[in-house]
Amino acid sequence: MLVLVGLIRGYQSVISPMTGPTCKYYPSCSQYALVAIRRHGALRGVRLAVWRLLRCNPWSKGGVDDVPEAPRKHSH
């Protein structure tokens, strides 16, 4: 998980400033990926991030798209 976060942070620090703000969604796709991985873990977080990237296309309206909350664990 730390490797994934490091890769995304590297992208945000090095590549993203060169391209400027281009994301149709808020939060940006890279920030969405960070939150998704932290909230849901590596496997589900990456799946959510990939699904978000697939939705970011010329036909998308964009807008606010928050990461879904993690399912609550029931205590018995």
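As a reminder, the structure under discussion sits directly above these lines.
Calculation notes
Residues numbered from 1 in each chain as written. Predicted model: local features only at pLDDT ≥ 70, side-chain atom pairs only at ≥ 80, totals over all residues. Heavy atoms only, no water. Helix = DSSP H or I, 4+ residues; strand = E, 2+ residues; numbered from the N terminus. Polar contact = N/O pair within 3.5 Å; in protein donor to acceptor, adjacent residues only side chain to side chain. Contact = heavy atoms within 4.5 Å. Buried < 20%, exposed > 50% of the residue type's maximum accessible area, 1.4 Å probe, protein only.

### Topic: the side chain of S30
Locating S30 in the fold gives a position in helix α2 (residues 29–40). Only 3.1 Å separates the side chain of S30 from the side chain of Q12, close enough to count as a polar contact. Non-local contacts of S30, meaning those with residues more than four positions away in its chain, are made with I8, Y11 and Q12.

### A few points about the environment of A70
Along the polypeptide, A70 turns up in the segment after β2 (63–64). Given a relative accessible area of 31%, A70 falls into the partly exposed group. A sequence separation of 49 residues divides A70 from P21, and the C-alpha atoms of the two residues are 28 Å apart. With sequence-adjacent residues up to four places away left out, A70 is seen in contact with R39 and H40.

The values reported here are purely geometric and, on their own, carry no functional implication.
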